[in-house]
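# Overview (structure and organization)
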Amino acid sequence: MGRAWTSAGRRAVVEEAEVAVDRAGTPLVWYVSYGSNLRSSRLAYYLAGGTMPGTTHVYPGCRDRRPPRATAPLLLPGSVYFALESKVWGGGMAFYDPAVPGLAAARAYLLSRQQFVDIAAQEMHREPGGDLDLDLTALLGAGRAVLGPGRYETVLLVGHWGPVPLLTFTAPWGLADVALTAPSGAYLDMLAAGLREGNGWPPARIAAYLAGLPGAHGVWQPDEIAGRLTAADVTESAG
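Okay, so let's go over this structure.

Rules used throughout
- Residues numbered from 1 in each chain as written.
- Predicted model: local features only at pLDDT ≥ 70, side-chain atom pairs only at ≥ 80, totals over all residues.
- Heavy atoms only, no water.
- Helix = DSSP H or I, 4+ residues; strand = E, 2+ residues; numbered from the N terminus.
- Buried < 20%, exposed > 50% of the residue type's maximum accessible area, 1.4 Å probe, protein only.
- Axes fitted to C-alpha atoms, helices over the stretch in contact; angles between N-to-C directions.
- Parallel < 35°, antiparallel > 145°, perpendicular 65-115°, else oblique.
- Contact = heavy atoms within 4.5 Å.
- Nonpolar A, V, L, I, M, F, W, Y, C, P; charged D, E, K, R; others polar.
- Salt bridge = Lys/Arg side-chain N within 4 Å of Asp/Glu carboxyl O.
- Pairing = 2+ DSSP bridges.
- Polar contact = N/O pair within 3.5 Å; in protein donor to acceptor, adjacent residues only side chain to side chain.
- Core = buried A, V, L, I, M, F, W, Y, C linked by side-chain atoms within 4.5 Å.

It is worth spelling out unusual backbone geometry at this point. Of note in this structure, Leu-84 is not a glycine but carries a positive phi near 55°. In this structure, Leu-84 sits in the loop between β5 (79–83) and β6 (93–97). Of note in the backbone geometry, His-125 takes a positive phi value of approximately 60° without being a glycine. Within the secondary structure layout, His-125 lies in the loop between α3 (113–123) and α4 (136–142). We classify His-125 as partly exposed; its relative accessible area is 47%.

The interhelical angle for the contact between helix α2 (residues 40–48) and α3, taken along N-to-C directions, is 100°, at an axis separation of 9 Å. One element, α2, and the other, α3, form an angle in the roughly perpendicular class. Contacts between α2 and α3 pair Leu-43, Tyr-45, Tyr-46 and Leu-47 from the former with Gln-115, Ile-119, Gln-122 and Glu-123 from the latter. Residue composition of the contact of α2 with α3, by class: five nonpolar, two polar and one charged.

Here the focus is the environment of Gly-143. Examined against the element boundaries, Gly-143 turns out to sit in the loop between α4 and β8 (144–146). Sequence separation of Gly-143 and Leu-157 is 14 residues, and the distance between their C-alpha atoms is 4.8 Å. In this structure, Gly-143 is in contact with Val-155, Leu-156 and Leu-157, ignoring residues within four places of it in sequence.

The next subject is the pattern of salt bridges. Per the counting criterion, the structure on display carries six salt bridges. Put simply, Glu-197 and Arg-39 hold a salt bridge, and the shortest N to O gap is 4.0 Å. A residue pair is termed long-range when its members are at least 10 positions apart, and Glu-197 in helix α5 (residues 185–199) and Arg-39 in the loop between β1 (28–33) and α2 qualify at 158 residues. Looking at Glu-197, the relative accessible area reads 38%, which means it is partly exposed.

Turning to the environment of Leu-136, a few remarks are in order. You can see Leu-136 is positioned in helix α4. Judged by its relative accessible area of 9%, Leu-136 falls in the buried class. Excluding residues within four positions of it along the chain, Leu-136 makes contact with Arg-113, Phe-116, Val-117 and Leu-167.

Turning our attention to the pairing of strand β9 (residues 154–161). The buried fraction of β9 is high, at six of eight residues. Taken together, the three bridges between β8 and β9 define a ladder with antiparallel strand orientation. The residue bridging Ala-145 from the neighbouring strand is Val-155, located in β9. Bridging between β9 and strand β10 (residues 164–170) involves seven bridges; their strand directions are antiparallel. Bridge pairing in β10 links Leu-157 to Leu-167. Remark: two residues form the turn of the hairpin made by β9 and β10, two consecutive strands paired antiparallel; Gly-162 in that turn has positive phi of roughly 60°.

Considering the arrangement of structural elements, one finds Ser-86 in the loop between β5 and β6. Using a relative accessible area of 8% as the deciding quantity, one classes Ser-86 as buried. Engagement of the side chain of Ser-86 in a polar contact is seen with the backbone nitrogen of Trp-89, the distance being 2.9 Å. Beyond its immediate stretch of four places on either side in the chain, Ser-86 contacts Gly-91 and Met-93.

The subject of this paragraph is the pairing of strand β7 (residues 103–112). With nine of 10 residues buried, β7 lies mostly within the body of the structure. Here β1 pairs with β7 via six bridges, running antiparallel. In the strand pairing of β7, Tyr-31 is matched with Tyr-109. With eight bridges joining them, strand β4 (residues 70–77) and β7 adopt antiparallel strand pairing. Paired with Leu-74 across the bridge in β7 is Ala-106.

Attention shifts here to the nonpolar core. Of all hydrophobic cores here, the largest spans 74 residues; its most connected members are Phe-116, Ile-119, Leu-134, Tyr-209 and Leu-210. When residues in this core are grouped by element, the largest group, seven residues, is from β7. Contact partners of Phe-116, with chain neighbours within four places excluded, come to Val-29, Tyr-31, Leu-134, Leu-136, Val-155, Leu-167 and Phe-169.

Below is the structure:
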């Protein structure tokens, strides 16, 4: 797996990531996000529950509501693309296809296995602690677990950081099997904010990356996305 850790990110995670359990003996995994959870404030609703401003969806949160133990940027082999329609943001949702040539920007969060399963349940519109049958031992052996036909019901092992597995969710289909859908501006804003916050990318790189993804390509221009980033900066400064 291709990784692009920043030096600061590596220093922040190396102590925790060299062991597969925390000091209390809790098994750990890296949850790898490539969509709206690139932004930590967005992931916080999956962990702690609540309704994100500007949306109506209520997240039940995890049984363990603690924040991630660490976070770090990385690159995955493959591509992010946009398809279907988001009930939260409108427009296409981000999915990951590891078989497509290229590199996909992502962000890893060090969580307990239970937290990961609870986030997976919420992505699959199930209740945390409910009937989600995710056998992580089998997943680590097979590299892939298909838990249903829906959008984020396939869990992938995309690599390891030391002994700790890196896991993400995507659809059971690939890029070539689905009609593309352009993402909404609000969704791109969230991804752009996450790439700047977690990956440290400048606006021009963010805009070029997002505008080049299948589903956004030809619909969103880099200067449009960069302009939205600038407008967001102005709004935050004014606030």
